[in-house]
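Chain by chain, the residues run as shown.
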Amino acid sequence: MKVLLIGSGGREHALAAALNRDTTLEELHVAPGNPGIAEIALCHAIDINDNSAIVELAKKLNSNLVVVGPEKPLVNGLADALNKANIACFGPSKAAAQIEGSKDFAKQVMRDAGVPTAKSFTCNNQKEIEKALDTFGAPYVVKHDGLAAGKGVVVTEDRDLAIEHALLAPQVVIEEFLDGPEVSLFGISDGTTVIPMQPAQDFKRAFDGDLGPNTGGMGAYSPLPWAPDEIMEETLNQVLNPTIQEMAARGTPFVGLLYAGLALTSRGTKVIEFNARFGDPETQVLLPRLKTPLAQLLYAAATKNLENFGGLEWSDDSAVTVVLASEGYPADPKVGEAITGIKTNESSYVFHAGTQIRDGVLHSSGGRVLTVTGLGSDLTQARDAAYRTVSRISLPGSHYRSDIALNASVAEKGN
Ligand code: AMP
Ligand code: GLY
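Per chain, residues are indexed from 1 in the order of the written sequence. Starting at A for chains and at 1 for ligands, labels are handed out in the order in which the entities are written. Given that the model is predicted, a residue must reach a pLDDT of at least 70 before its local features are reported, and side-chain atom pairs must reach 80 or more before they are shown or counted; all residues, however, enter totals for whole chains, interfaces and linings. Based on all heavy atoms of the structure, the side-chain values leave hydrogens and waters out of the count.

> Any chance you could break down the layout of surface pockets for me, citing the residues and the numbers?
Cavities and pockets are defined on a 1 Å grid built over the protein atoms alone: a cavity is a set of grid points where a 1.4 Å probe fits but cannot escape, while a pocket is an open set with protein on both sides within 12 Å along at least five of seven lines, and lining residues are those with an atom within 4 Å of any such point. Grid points are joined across faces, edges and corners, and a volume is the space filled by probe spheres set on the points. As a volume, the second largest pocket reaches approximately 230 Å³. Surrounding the second largest pocket, 16 residues form its lining, H13, E39, T344, V350 and H352 being those nearest its centre. Put simply, the parts of the chain that give the lining of the second largest pocket at least two residues each are α1 (10–21) and β19 (348–352). A run of H or I in DSSP becomes a helix once it reaches four residues, and a run of E becomes a strand once it reaches two; helices and strands are each numbered from the N terminus. Per-element tally for the lining of the second largest pocket: the top contributor is β19, with 5 residues. Across the lining of the second largest pocket, the residue classes break down as 9 nonpolar, 6 polar and 1 charged. By the convention adopted, Pro, Cys, Tyr, Trp, Phe, Met, Ile, Leu, Val and Ala count as nonpolar, Lys, Arg, Asp and Glu as charged, and the other residues, Gly among them, as polar.

> Let's hear about the pairing of strand β21 (residues 361–364): which residues, and what values?
Two strands qualify as a pair provided DSSP detects at least 2 bridges between them. Across 4 bridges, the pairing between strand β20 (residues 355–358) and β21 is antiparallel. Paired with I357 across the bridge in β21 is L362. Between β20 and β21, which follow one another and run antiparallel, lie 2 residues, and D359 among them has a positive phi close to 50°.

> Could you give an account of the site of ligand 1, naming the residues involved and the relevant values?
By nearness alone, 13 residues border ligand 1, and E175, E176, L178, E182 and E273 come closest of all. Counting of polar contacts relies on pairs of N or O atoms within 3.5 Å, with two restrictions inside protein: one atom must be capable of donating a hydrogen and the other of accepting it, and residues adjacent in sequence are counted only when both atoms are side-chain atoms. The separation between a nitrogen atom of ligand 1 and a polar side-chain atom of E175 is 2.7 Å. Contacts to ligand 1 include E182, whose side-chain N or O atom sits 2.4 Å from an oxygen atom. Relative to its unbound accessible area of 470 Å², ligand 1 is 89% covered by the protein chains. For the shell around ligand 1, the secondary structure elements donating two or more residues are β7 (140–144), β8 (153–156) and β17 (268–275). Residue classes in the shell around ligand 1 are distributed as 6 nonpolar, no polar and 7 charged. A molecule or strand has a residue near it when one of that residue's heavy atoms lies within 4 Å. Calculation of accessible area relied on Shrake-Rupley with a 1.4 Å probe; when residues are assessed, cover is drawn exclusively from the protein chains displayed.

> Provide a residue-level description of the site of ligand 2, including the pertinent values.
The full set of residues close to ligand 2 is D202, G216, Y259, N275, R277, G279, D280, P281 and E282. D202 places a polar side-chain atom, nitrogen or oxygen, 2.7 Å from a nitrogen atom of ligand 2. Between ligand 2 and the protein, one listed contact pairs an oxygen atom with a backbone N or O atom of D280 at 2.9 Å. Burial of ligand 2 by the protein chains amounts to 89% of its free accessible area of 200 Å². Residue composition of the shell around ligand 2, grouped by class: 2 nonpolar, 3 polar and 4 charged.

> How would you summarise the packing of aromatic side chains if you had to cite specific residues and measurements?
Each pair of aromatic rings taken from Phe, Tyr and Trp, with Trp reduced to its six-membered ring, is defined by centres within 6.5 Å and is described as stacked if the planes are under 30 degrees apart, edge-to-face if over 60, and tilted in the remaining cases. Inspection of the entire model under this criterion finds 6 aromatic pairs. With a centroid separation of 6.0 Å and an interplanar angle of 40°, the aromatic rings of Y387 and Y400 are classed as tilted. With Y387 in helix α12 (residues 379–391) and Y400 in the loop between α12 and α13 (406–414), the pair connects residues that are 13 residues apart, well separated along the chain. Given the relative accessible area of 13%, Y387 is considered buried. Only protein chains enter the accessibility calculation, which uses a 1.4 Å probe. A residue is then buried if its area is under 20% of the maximum for its type, exposed if over 50%, and partly exposed in between. According to the relative accessible area criterion, Y400 is partly exposed, its value standing at 32%. As a reminder, the over-ring test applies to NZ of lysine and CZ of arginine, requiring each to be within 6 Å of the ring centre and within 35 degrees of the ring normal. The ring of Y259 has R277 sitting right over it, with the charged end atom 5.8 Å from the ring centre.

> Explain the sheet that holds β17 to me, and be specific about the residues and the numbers.
Within a sheet, neighbouring strands are paired by backbone hydrogen bonds and run either parallel or antiparallel to one another. Reading across the sheet, the 4 strands line up as β11-β10-β16-β17 and stay open at both edges, with antiparallel pairing between neighbours. Because the sheet does not close on itself, it has two edges, and the strands there are β11 (194–196) and β17. The mean angle between the axes of side-by-side strands here comes to 30°, regardless of whether they run parallel or antiparallel. Pairing geometry for strand β16 (residues 255–265) and β17, over 7 bridges, is antiparallel. Its bridge partner being in β17, A260 is matched across the sheet by F274. We call two residues contacting when some pair of their heavy atoms lies within 4.5 Å. Axes here refer to lines fitted to C-alpha atoms; in helices the fit is confined to the stretch in contact. Angles between the N-to-C directions go from 0 to 180 degrees. Packing against the sheet, helix α11 (residues 294–302) makes contact with β10 (182–190), β11 and β16, and its axis sits at approximately 65° to β10.

> Quick one: what's the story with the side chain of R401, residue by residue and with numbers?
Position of R401 among the secondary structure elements: in the loop between α12 and α13. A relative accessible area of 1% means that R401 is categorised as buried. Side-chain polar atoms of R401 contact the backbone oxygen of F207, separated by 3.3 Å. Of the polar contacts made by the side chain of R401, one reaches the side chain of D210; its length is 3.1 Å. Every residue in contact with R401, bar those within four places of it in the chain, is listed here: F203, R205, A206, F207, D208, G209, D210, M218, V322 and Y387.

> Please provide a residue-by-residue account of the nonpolar core, values included.
The set of buried Ala, Val, Leu, Ile, Met, Phe, Trp, Tyr and Cys residues whose side-chain atoms join them within 4.5 Å is what this entry labels a nonpolar core. Core analysis: the largest hydrophobic core is formed by 67 residues, its most contacted members being L4, I6, I99, F274 and V320. The element that contributes the greatest number of residues to this core is helix α9 (residues 231–249), accounting for 6 residues. In this view, L4 contacts H29, V30, A31, I54, L57, A58, L61, S63, L65, V66 and V67; residues no more than four positions away in its chain are not counted. Counting 41 residues, the second largest nonpolar core, distinct from the first, contains V3, M197, A200 and A301.

> Could you give an account of α1, with specific residues and numbers?
Compared with the 16 Å implied by 1.5 Å per residue over 12 residues, the 17 Å span of α1 between its first and last C-alpha is a close match. For α1, the buried fraction is high: 10 of the 12 residues fall into the buried class. Within α1, burial applies to G10, R11, E12, H13, A14, L15, A16, A17, A18 and L19. One less than the number of residues in a helix, times 1.5 Å, gives the span that helix is expected to have.

What follows is the structure, given as structure tokens:
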């Protein structure tokens, strides 16, 4: 099989590594890729928002399957353009990607599908905004309706701040605050059949102790030793299946990865958000543990053949990933610093996210620079492997959290 993967982050590096392990893979091309991906695949410089350029590239390469990493090309209709050219695409159509592209749309789907989520109002002016905020009370949760690259959501006790954030967007969703731990649980869908992946947890705040601003994600781990045994089956039955059936019934089947961000609240599991693609950095802990051949899985989904695919096979290892971020990330990342000291071994991977080669030397080029995944027989060992590798990497001014999966590893040892 010849696969073309679209994207350039740590998620795509992890996808590329896992695709490469599939023995049916003949060629792996990535557009645009990054220096880490270039070590394991053929990279093609391309604008990922140029649908026709990607279709042309896929044709030229005779790709059997295109896998789309980030949400933006999906919301821009890349899957539609590929399907029109008879190229199988893992990733939803423009209409189905609205489940991530519009919070209001996601709420409507959940309501019609009977999927548990926070009560909400969609508001278009200050009067509606204030009424919604006062209905729910603090802490206030305000979400810009459209794609906002992780900057659309504010959770705050400060009513004035909530109003200020709400007025920045033409339409917002204001919803009740959900308590309890968050879990990311992904379903692979062919439009009618959906297969759940194991759960992961990510760390969104910039600093230790869940302090500081929200980020794209500072680390993740999987599996979750503390999570209820039935979480996959329950999420499949209450969230993933009803959502996939509802999307099909609307005439906009969802083919690709449905990312359910869940809150395990005192009143049951509720959906915080949906995304239409693999999570970053959750993918960097899930895929190193996945034994099922990934190219075959994604091809079966893209060609509507999941019904007889069976369940997924996972290694018993635990995985922990730690994001190495640039100085000033997330507010104002300083890029262009040299990176040295990357050394991997059989129990750790270094996935590139924001890197580039300048004058033959690896430099930082983004806020999240590297994602370092450690594997081990439990979370303590996986943490040791990840932190051993990340602590040896030198990037001036950089920072990483030191408490990724710490509480879960202590609890696991105590059991
Ligand atoms: P999102 O961009 O939708 O992933 O939201 C970013 C983060 O905001 C989530 O990971 C949660 O930590 C938080 N959040 C979003 N919605 C809620 C909610 N209804 N209650 C509590 N926290 C929330
Ligand atoms: N880890 C959060 C996201 O991928 O949106």
